[in-house]
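The lines below spell out each chain.
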Amino acid sequence: ARRLRVSHAFHSPLMDPMLEEFAAVAATLSYHEPVLPIVSTVTGQLVVEGQLTDPGYWVDQVRRAVRFADGVTAADASVFVEIGPDGVLAGLAQQSLDEAAVVVPAVRKDRGEAQAFIEALGRLHSSGVTIDWTSHFGHIPPVELPTYAFQHQRFWITPPTIGEDAGAAGLGAIEHAILTGTTELPDTDTLLLTGRISLATHRWLADHDVLGTVMVPGTAFVEMALRAAEQAGCERVDELTLESPLVLLPGQTTRIHVLVHAADGDDRRRALTVYSRDTDDQPWTRHATGTIASRSSRPAPIDVWPPADATPIDLGDSYGDMLARGYAYGPAFRGLRAAWRSGNEIYAEVELPDQEHSNVEGFGIHPALLDAALHATVLGDFVSDAEDGQPWLPFAWSGVDLFASGATSLRVRIGSAGQSNAIAVTVADPAGEVVARAETLSLRPVSTDQLASAGAKDDPLFRLEWTEAGRAEEGRALEGMGLVGEGLPPAGGVACHASLGALADSGSVPECVVLTVAESGGEVPEATRRVAETVLGQVQAFLADDRFAESRLVVVTRSAVVVEPGEEFAPASAPVWGLVRAAQAEHADRFVLVDVDGASASVGVVAGALASGEPEVAVRSGRVLVPRLVRVAAAAHEVPEVDPAGTVLITGGTGGLGALVARHLVTERGVRHLLLVSRSGSDAPGAAELSAELVAAGALVDVRACDVTDRGA
């Protein structure tokens, strides 16, 4: 329940003293039947003839309850437009409708009327409502569009995001947009909350771009900590320090673990840590540490809004200015709507975009909304030693309480926390009731290098490995096979034909055409060209001849691939595999590659290899081998020591990469003598500046002009 700020107690018994006088006035008016259908909020039904022309109806309108929800249901409509000073009723109507309904406010109190109305028309148009645009744009010639209709139907399977698969993993399900499962670790009194996060399941995260890096906002870590505190019966985040950014990449799913450790003493304070990793073979990365405790009392409401002495701040192109400093926020995070200054404090209004309202129920407070509240920080003088163009991000939170959930818009008050580069934040709902607060939030600058190092993943390495899939025994049925070429001896009544055309002309086209690639002598380059041209012509002829439309072409090579180290290799036949792979990509199930050795060169063995059903097969001594990618563990390596007294020669030392290497050796490895060699030497662009920079860092630098590709130089 919420106290309403109204002038009178409408629709209640307190209106009874005025009803008689109101009825007398109503009886003096003239009434007419409505032209359009109207839903009555007195009855919650469509009005009937004579209902609105009865003065007594309007008396009931003042006294009786407002059956708004019943009226929305009775309208039986899929599109609703609120014509009023703000979008309050639109939000209420959405609660009585399913997700498919379109609810659009025509005017918003924090936006220009013309802009808000055009945005509303645009949303109605995109939802299929016919709009008479000529009244706005005039008669403009239509623009040619493609002749086909664009398809808007999606077929992607939406992955579970809130607790749907927790039970299958042996976890207890919890209702949260990121953390979906929980369990207690035996004998430790430790609580584990777990979940997954990605740009596919949490699309709004793609709008949190800082310095070109998409990362999880600090407000999301606070939200997870608050949920963990609630699960542990604590409800307050006493401290939370962010140690490492969580960078998200397209196609990547990151697992989240939040550990709530055993209580420390009798005060119910418990340590908390947040970890993530992408794959099982990666180590866990710790992103945040902190403590949780019992919640404190709720602060007094922010009743007067904005403060009487507050001065409005012209936001102008505020997000354009933020972009210049590295905050490339997308629509989900562009929630700052208005701001005021009062002394050393900043007051603001923020709002979550309409398209994110459906995600609110998965959070205590939506991270994008809380992050937008912090954007007002850039309007004040809270950061003492900020560098131009360098973004500042939340670093350490203290005294964070959440008092209410479900907010889609907030009032924000930001003041100094009494220490350098730190603020105190309080956010309230539109009625002034405090939703959340952070007693202290410390900020710190972030650089591109820091985000790049956080986003650098140890991507797994793979190599090709031939894995045994059975044996290609002689004696398999050879029906439905035809042989072209002289690489394999005929067997089991399988006739050998000189060409594909001869096979087709024989009157019996088999399901499986075996084409053997003859070995070619001579120099490797010439032999390779002859073999590739021959096979290309045969593949093209096979595809062009309709008589082979229902057949597969099995291309058999000998020693064209190396399966085991040290075995025989025929390089002239190796390109055949690349050529046929291209044909496989364009014509599925029409081609098979089989490589044999001298001990396995027979039609029967090829028939056995085909039984594996694989598109690529190697046969060695009767064993059928298929290619598979296997993970390669990154080899540990020691960084070589560099003698500081020695001289390091860098070729191309005045170029871009050479300069990077030179700086790294001086600043990171302690090198004190450098010889930088390039064609232009000291005349190269930037050479003098680079040399001066390295000398200032403590190195002795010698820049020489020399072409290292010229032995005589």
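Sequence order sets the numbering: in each chain, residues are counted from 1 along the sequence as written. Local features in this predicted model are restricted to residues of pLDDT 70 or higher, and side-chain atom pairs are both shown and tallied only at a pLDDT of 80 or more, whereas totals for entire chains, interfaces and linings draw on every residue. The basis for every side-chain value is the complete set of heavy atoms in the structure, and neither hydrogens nor water enter the calculation.

## Let's talk about the domain arrangement of the chain
- Source of the domain bounds: an automatic or database domain assignment. The domain boundaries assigned to the chain delineate domain 1 (13-131), domain 2 (172-293), domain 3 (311-455), domain 4 (465-631) and domain 5 (648-705).
- Domain 1 and domain 4 are separated by 75 Å when their C-alpha centres are compared.

## Overview of the packing of aromatic side chains
- By convention, a stacked pair of Phe, Tyr or Trp rings (six-membered ring in the case of Trp) has centres within 6.5 Å and planes under 30 degrees apart, an edge-to-face pair has planes over 60 apart, and any other such pair is tilted. With the rule as written, the count across this model stands at 12 aromatic pairs.
- Arranged with centres 5.7 Å apart and planes meeting at 45°, the rings of Trp 133 and Phe 137 form a pair that is tilted.
- Aromatic rings pair up to connect Trp 204, Tyr 319, Tyr 327, Tyr 329, Phe 333 and Phe 363 into one cluster.

## Looking at the nonpolar core
- In these notes, a set of buried Ala, Val, Leu, Ile, Met, Phe, Trp, Tyr and Cys residues joined through side-chain atoms within 4.5 Å is what counts as a nonpolar core. Think of it in three bands: with a 1.4 Å probe and only protein chains considered, a residue is buried below 20% of the maximum accessible area for its type, exposed above 50%, and partly exposed in between. Leu 240, Ile 256, Leu 272, Trp 397, Leu 410 and Val 427 are the most contacted members of the largest nonpolar core, which has 80 residues in total.
- The leading source of residues in this core is helix 7 (residues 218-231), at eight residues.
- Mapping this core onto the domain boundaries places at least three of its residues in each of domain 2 (172-293) and domain 3 (311-455).
- Sequence-distant contacts of Trp 397, that is, excluding residues within four places in its chain, are made with Gly 218, Thr 219, Val 222, Asp 238, Glu 239, Leu 240, Leu 242, Leu 374, Ala 438, Thr 440 and Leu 441. By definition, any uninterrupted DSSP run of H or I lasting at least four residues is a helix, any uninterrupted run of E lasting at least two residues is a strand, and each is numbered from the N terminus. Between two residues, a contact is recorded if the distance between any of their heavy atoms is within 4.5 Å.

## Overview of the layout of surface pockets
- Taken as a whole, the second largest pocket spans an internal volume of roughly 460 Å³.
- Every definition here rests on a 1 Å grid over the protein atoms only: cavities are sets of points where a 1.4 Å probe fits but cannot get out, pockets are open sets enclosed by protein on both sides within 12 Å along at least five of seven lines, and lining residues have some atom within 4 Å of a point. Looking at the second largest pocket, it is lined by 16 residues, and the ones nearest its centre are Val 39, Phe 68, Val 72, Ala 75 and Phe 80.
- Elements that contribute at least two residues to the lining of the second largest pocket include exactly helix 3 (68-75), strand 1 (79-82) and helix 4 (88-94).
- Ten residue types, Ala, Val, Leu, Ile, Met, Phe, Trp, Tyr, Cys and Pro, are classed as nonpolar, four, Asp, Glu, Lys and Arg, as charged, and the remainder, Gly among them, as polar. Across the lining of the second largest pocket, the residue classes tally to 13 nonpolar, two polar and one charged. Grid points are joined across faces, edges and corners, and a volume is the space filled by probe spheres set on the points.

## Brief notes about the sheet that holds strand 25 (residues 616-620)
- Strand pairing is assigned whenever DSSP detects at least two bridges linking the two strands. Strand order in this open sheet of eight strands is 19-26-25-24-23-22-20-21, and the pairing throughout is mixed. Edge positions in the open sheet fall to strand 19 (461-471) and strand 21 (496-497), since each of these has one partner strand only.
- Where strand 22 (residues 512-516) lies against strand 23 (residues 552-558), five bridges are found, and the strand directions are parallel. Its bridge partner being in strand 23, Thr 516 is matched across the sheet by Val 556.
- Under this scheme, a helix contributes an axis fitted over its contacting stretch, all axes are lines through C-alpha atoms, and angles between N-to-C directions fall in the 0 to 180 degree range. Against the sheet, helix 13 (residues 574-586) touches strand 19, strand 23, strand 24 (591-596) and strand 25, its axis set at about 160° to strand 24.

## What about the pattern of salt bridges?
- In what follows, salt bridge is the name for a side-chain nitrogen of Lys or Arg lying within 4 Å of a carboxyl oxygen of Asp or Glu. Applying the stated criterion to the full structure yields 28 salt bridges.
- The residue Asp 16 makes a salt bridge to Arg 63 at a minimum N-O spacing of 2.8 Å. Of this pair, Asp 16 sits in helix 1 (residues 16-27) while Arg 63 sits in helix 2 (residues 55-63), and the two are 47 residues apart along the sequence.
- Residue Asp 86 is joined to Arg 108 by a salt bridge in which the shortest nitrogen-to-oxygen separation is 3.5 Å. Within this pair, whereas Asp 86 is found in the loop between strand 1 and helix 4, its partner Arg 108 is found in the loop between strand 2 (102-105) and helix 5 (113-126), the two being separated by 22 residues in sequence. Like Asp 86, the residue Arg 108 is buried in the burial classification.
- If you follow the salt bridges from partner to partner, you end up with Asp 86, Arg 108, Arg 123, Arg 337, Glu 351 and Asp 354 in one network.

## A word on the UniProt feature "active site" (unreviewed entry) in the chain
- When the UniProt feature table is mapped to this numbering, "active site" (unreviewed entry) covers His 208 and Asp 371. Spanning 164 residues, the named residues nonetheless gather at one spot, since no C-alpha pair among them exceeds 9.5 Å.
- Look at His 208 and you get buried, because its relative accessible area is 2%.
- Look past the residues within four positions of His 208 in its chain and what remains in contact with it is Thr 213, Val 214, Met 215, Val 216, Pro 217, Tyr 329, Phe 333 and Asp 371. UniProt positions are given in the numbering used here, feature names are shortened, and annotations may be inferred rather than shown by experiment.

## Quick word on the pairing of strand 14 (residues 345-351)
- The buried count for strand 14 comes to six of seven residues, which makes it a mostly enclosed element.
- Pairing between strand 13 (residues 336-342) and strand 14: six bridges, direction antiparallel. Pairing of Arg 341 across the sheet is with Ile 346, part of strand 14.
- Hairpin geometry of strand 13 and strand 14 is characterised by an intervening segment of two residues between the two adjacent antiparallel strands and by a positive phi of about 65° at Gly 343.
- The sheet contact formed by strand 14 and strand 16 (residues 409-416) spans six bridges and is antiparallel. What sits directly across from Glu 351, in strand 16, is Ser 409.

## Focus on the state of the cysteines
- Criterion for a disulfide: a pair of cysteine sulfur atoms at a distance within 2.5 Å. Scanning the entire structure with this criterion turns up zero disulfides.
- Not part of a disulfide, Cys 496 finds its nearest cysteine sulfur in Cys 512, a span of 14 Å.
- We classify Cys 512 as buried; its relative accessible area is 8%.

## Remarks on the sheet that holds strand 28 (residues 673-678)
- Pairing is parallel in the open sheet, where three strands are placed in the order 27-28-29. What marks the edges here is a single partner per strand, and that holds for strand 27 (648-651) and strand 29 (700-705). In this sheet, neighbouring strand axes are inclined to one another by 20° on average, regardless of whether the strands run parallel or antiparallel.
- When strand 27 meets strand 28, the two strands line up parallel, connected through four bridges. Looking at strand 28, one finds that Ile 650 is bridged to Leu 676.
- Taken strand by strand, helix 15 (residues 656-667) contacts strand 27 and strand 28, and its axis lies near 160° from that of strand 27.
- Running over the sheet, helix 16 (residues 687-696) touches strand 28 and strand 29 and is turned about 160° from strand 29.

## Quick word on empty space enclosed by the protein
- Taken as a whole and judged by the stated rule, the model has one cavity of 30 Å³ or more.
- Approximately 60 Å³ is the volume attributed to the largest cavity.
- Every residue lining the largest cavity is listed: Leu 226, Leu 370, Trp 397, Val 400, Val 425, Val 427, Ala 436, Arg 437 and Ala 438.
- Counting only elements with at least two residues in the lining of the largest cavity, the list comes to strand 15 (392-402), strand 17 (422-428) and strand 18 (434-445).
- For the lining of the largest cavity, a count of residues per class yields eight nonpolar, no polar and one charged.

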